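The primary structure of each chain is shown beneath.
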Amino acid sequence: MKVLDLLCPLDHAFEGWFASEEDLHDQLARGLIQCPMCGSAQVRKGLSAPRLNLRSALPDAGDRQGAEPAGFAADTPPQALQAAWLALAREIVANTEDVGSQFASLARRMHHGEAQPRGIRGQATPQETADLLNEGIAVLPLPLPLAAKEPLQ
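Read on for an overview of the structure. This is a predicted model, so every value here is computed, not measured. (Residues numbered from 1 in each chain as written. Predicted model: local features only at pLDDT ≥ 70, side-chain atom pairs only at ≥ 80, totals over all residues. Heavy atoms only, no water.)

A tally of helices and strands in the chain yields six helices and five strands. Mapped in sequence order, the helices and strands of the chain form the string β-β-α-β-α-α-β-α-β-α-α. Within the chain, the fraction of its 153 residues that count as buried is 25%. Intrachain contacts of the chain at a sequence separation of at least 6 include 51% that bridge at least 24 residues. (Helix = DSSP H or I, 4+ residues; strand = E, 2+ residues; numbered from the N terminus. Buried < 20%, exposed > 50% of the residue type's maximum accessible area, 1.4 Å probe, protein only. Contact = heavy atoms within 4.5 Å.)

The next subject is the sheet that holds strand 2 (residues 13–18). Here we have three strands laid out as an open sheet, ordered 2-1-3, and antiparallel in their pairing. Each of the sheet's edge strands pairs with one partner strand only, and the pair in question is strand 2 and strand 3 (44–45). The sheet contact formed by strand 1 (residues 2–7) and strand 3 spans two bridges and is antiparallel. Its bridge partner lying in strand 3, leucine 7 is registered against arginine 44. Packed on one face of the sheet, helix 1 (residues 21–29) meets strand 1, strand 2 and strand 3 and runs near 40° to strand 1. (Pairing = 2+ DSSP bridges. Axes fitted to C-alpha atoms, helices over the stretch in contact; angles between N-to-C directions.)

With that out of the way, let us pick up the packing of helix 4 (residues 103–111) against helix 5 (residues 126–134). Axes are the key here: two packed helices are described by the angle between their axes and the distance separating the axes. Running from N to C, helix 4 and helix 5 cross one another at 10°; their axes reach a closest spacing of 10 Å. Comparing their axes, helix 5 and helix 4 come out roughly parallel. Taken together, the residues of helix 5 that come into contact with helix 4 (itself represented by Phe103, Ala104, Ala107 and Arg108) are Glu128, Asp131 and Leu132. Partitioning the contact of helix 4 with helix 5 into residue classes produces four nonpolar, no polar and three charged. (Parallel < 35°, antiparallel > 145°, perpendicular 65-115°, else oblique. Nonpolar A, V, L, I, M, F, W, Y, C, P; charged D, E, K, R; others polar.)

So, about the pairing of strand 2. The alternating pattern of strand 2 places Phe14, Gly16 and Phe18 on a buried face, while none of Ala13, Glu15 and Trp17, on the opposite face, is buried. Looking at chain direction, strand 1 and strand 2 are connected through six bridges and run antiparallel. Pairing of leucine 6 across the sheet is with phenylalanine 14, part of strand 2. Between the end of strand 1 and the start of strand 2, which pair antiparallel, lie five residues, with aspartate 11 showing a positive phi angle near 65°.

Moving on: unusual backbone geometry. Although it is not a glycine, aspartate 11 sits at a positive phi angle of roughly 65°. Locating aspartate 11 in the fold gives a position in the loop between strand 1 and strand 2.

Here's what the structure looks like:
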């Protein structure tokens, strides 16, 4: 199995596992590879160093006591930020209902007590979003990558 570093036009870095170099090129030609952050199918191979996945002993819980909680600083690597964003996107997908193009009307009905309040997500035009915000309805435009909506293999 070859583990390759891949990049999209926005330089989002991610890994792909392939049986061979030919397998990578075949999947690229068929448009089967997409950036998990932005969904772009314009993917290129980055510089990849050979890597062996060897088992190593994990430190036991006692070794991690007193460790500082994970946070993000100015020098946080982009891969960590991408992983956190993808985890957040998956959490949103798992805990909200996709109402599609009915988002604006349903959000408005929930705000006025005409529909059961619940976590929803969907599509709204920029004008619909502005109208909802002007009416005092809290919405957050949040593009969700396709990778958040389905499990990665």
